[in-house]
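A structural walkthrough
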Amino acid sequence: MRYLIIGGGIAGMTAGEALRKSDAKAEITIVDEEQHPLYSRVLLGHYLKGKVPRERVFLKQEDWYHQHTIEWLPGTIAEHLDVKNKFVRLSNGREYPYDKLLIATGTAPRPLDVDLRGVSYLRTIDDADHLLQLLSEQKKGARMGIYGSGFIACEYLELFRELGLPITLAFRGDRFWSRALLPEAGELVNKVLVEGGVELHTHSNLQDLVGEKELKGFVIEEGTQEVSILGVGIGVVPDFTWLADAGVEIGKGIKTDEFLQTNVPDVFAAGDVAEFKDVVLGRQLVIMNWQNAMSQGRHVAKVMSGEQVPFELVSSYSINVFGLEAIFLGDVEVSEADEVYVVGSLESGGITQVFERNKRVVGGVLLNRNRDRILITKAIKNKQSFSELEFVTD
Amino acid sequence: MPKIRVQVDPDLCIGAASCVTIAPETFQMNDENKAWVLDHGEEPGGSTYERWLEVTEDEMENIILGAQSCPTLAIFIFDEEGTQLFPDV
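So, how was this worked out
Residues numbered from 1 in each chain as written. Chains lettered and ligands numbered in written order. Predicted model: local features only at pLDDT ≥ 70, side-chain atom pairs only at ≥ 80, totals over all residues. Heavy atoms only, no water. Core = buried A, V, L, I, M, F, W, Y, C linked by side-chain atoms within 4.5 Å. Buried < 20%, exposed > 50% of the residue type's maximum accessible area, 1.4 Å probe, protein only. Helix = DSSP H or I, 4+ residues; strand = E, 2+ residues; numbered from the N terminus. Contact = heavy atoms within 4.5 Å. Disulfide = S-S within 2.5 Å. UniProt positions renumbered as here; feature names shortened; annotations may be inferred. Buried area = accessible area lost by both parts, 1.4 Å probe. Salt bridge = Lys/Arg side-chain N within 4 Å of Asp/Glu carboxyl O. Polar contact = N/O pair within 3.5 Å; in protein donor to acceptor, adjacent residues only side chain to side chain. Nonpolar A, V, L, I, M, F, W, Y, C, P; charged D, E, K, R; others polar. Expected span 1.5 Å × (residues − 1).

Here we take up the nonpolar core. Within the largest apolar cluster, 132 residues are counted, with the highest numbers of intra-cluster contacts made by Leu157(A), Phe160(A), Phe176(A), Trp177(A) and Phe27(B). By residue number, the principal contributor to this core is helix H7 (residues 290-304) of chain A, which donates seven residues. For Phe160(A), the contacting residues outside a window of four places in its chain are Leu135(A), Met144(A), Gly145(A), Ile146(A), Leu165(A), Ile167(A) and Ile229(A). Core analysis: the second largest hydrophobic core is formed by 23 residues, Val88(A), Ala246(A), Val267(A) and Ala274(A) among them.

Before going further, it helps to spend a moment on the environment of Gly217(A). Residues and elements named next belong to chain A. Residue placement: glycine 217 occurs in strand E14 (residues 217-220). Judged by relative accessible area, glycine 217 falls into the buried class, the value being 0%. On a C-alpha basis, the gap between glycine 217 and proline 238 in space is 29 Å, while along the polypeptide they are 21 residues apart.

All names here are of chain B. For the structure shown, the criterion picks out zero disulfides over all chains. Note on cysteine 70: no disulfide assigned, nearest cysteine sulfur contributed by cysteine 13 at a separation of 6.5 Å. For cysteine 70, a relative accessible area of 9% corresponds to the buried category.

In this section: the UniProt feature "domain: FAD/NAD(P)-binding" (unreviewed entry) in chain A. Taking the UniProt record as the reference, the feature "domain: FAD/NAD(P)-binding" (unreviewed entry) is found at residues 2-297 of chain A. Taken end to end, residues 2-297 of chain A has its terminal C-alpha atoms 17 Å apart, with 23% of it in helix and 27% in strand.

How big an interface is tends to be stated in terms of accessible area lost as the parts join. Across the contact, 22 residues belong to chain A and 23 residues belong to chain B. The junction of chain A with chain B conceals about 1,800 Å² of combined surface from both sides, 54% of it contributed by carbon and sulfur atoms. Of all residues in chain A, the largest losses of buried area upon contact with chain B belong to Arg56(A), Arg298(A) and Arg373(A), amounting jointly to 23% of the total for that side. Where chain A packs against chain B, one counts zero salt bridges. Counting across the chain A and chain B interface gives 14 residue pairs in polar contact (both at pLDDT 80 or more). If you list the elements that add at least two residues to the side of chain A that touches chain B, you get H7, strand E22 (316-321), strand E23 (324-330) and helix H8 (373-381) of chain A. With four residues, H7(A) is the single largest residue contributor to the side of chain A that touches chain B. Residues of the side of chain A that touches chain B, tallied by class, amount to 10 nonpolar, six polar and six charged.

We now examine H7(A). Residues and elements named next belong to chain A. Between its terminal C-alpha atoms H7 stretches 21 Å, which fits the 21 Å expected from 15 residues at 1.5 Å a residue. Taken across its 15 residues, H7 has 13 buried, putting it largely inside the fold. By the N-cap criterion, in which a side-chain oxygen at the helix start approaches the backbone nitrogen of a residue two or three places on, H7 is capped by asparagine 289, the distance to glutamine 291 being 3.2 Å. Phi turns positive, to about 105°, at glycine 306, one or two residues after H7.

Here's what the structure looks like:
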């Protein structure tokens, strides 16, 4: 059996490792855009803050691939998929045949139209090293800029706060995680940030950067904001260009059924790139977090080796920003819910939103209400309705 | 039955709860959104980030899987001799 895995991140690697465990003889190739062996992107925040040394970020050493007879092609990307003759042409010019193909290419940060030295993105360890280099060149008290209102913006917020640097934050809408948070919850996040000393500009579009070669600031409607580093976290974009003409169905991500199989035989998808049929939540969606990517990698390996079982996971993710604990459980898209119920309030400092569809709980956002976690996770798993839940009140 | 020491570093734990999903008998999130270590779903001696567990081979494998799933590698597992089983050193 010849397994070809495009993508060497946590989804692709977990799949490769599981396939090796279940079949000692299979040929396994992992095509990896990165030059580094597998590392934890989630640990980059800790690494930047100096909480863990650089070597601790890595989950595998370079010789691991060889030891497990996995062919690892670092610094390589897929350029063309031929589903009829079952091969992928890679950037190294070679054509790799497959019996089973896994697409686990993840996504890349959405870039600004403009660039200057001092603009930072945060996805890879190279991005983190670049940011550390920029930080090392800063004068004391230099102001940091952040553009965006999602998880990456939070990573920058936490880092700059840890370093004691003043922060200017701008984003287009009126609140963080605008697809998941209702106005009141958004207000709570903004309040925490402003009270934490962040200069906040909502409803702001980045119009230009200021500076010759080095960044001096960025321009929004309210004028020029002087900053010497700008952390950008305005979403991600997957790359599907190599799949053109292959006939693989693509929506927001690569569409798969509940087994993580695409519409093309012997082609599978997992991780951030997969728009899978979630049997727990009852709809097709993309989930972009570590836990989902790893679980799907492990699961898709089973399916690829012939065990036809549906993928089931109530995914969760959480982040702490300026002391505010934000937890996301299951399906948290307001537009996909029939009802979003609010427990707690801005005044009490804690808000939980419960997402309901077809009279059953499908998701939850918890801001400073960690105690609701078990209740909501269980409600999603057990298909309960919101009215059945008993919340602990203050 | 193997005896292992399971330890969560609360400074590294970010509350992603992957460990709870995989090994709920061993890990449970607390109010600070950090993972307590449980002994087969129980907390003899109270809540703690570290305890000795007597487990079957299967249970041990699953607990290691839970530790491997942690995106910040906040879970450490040692054998009876004190050798670190995870993360690989």
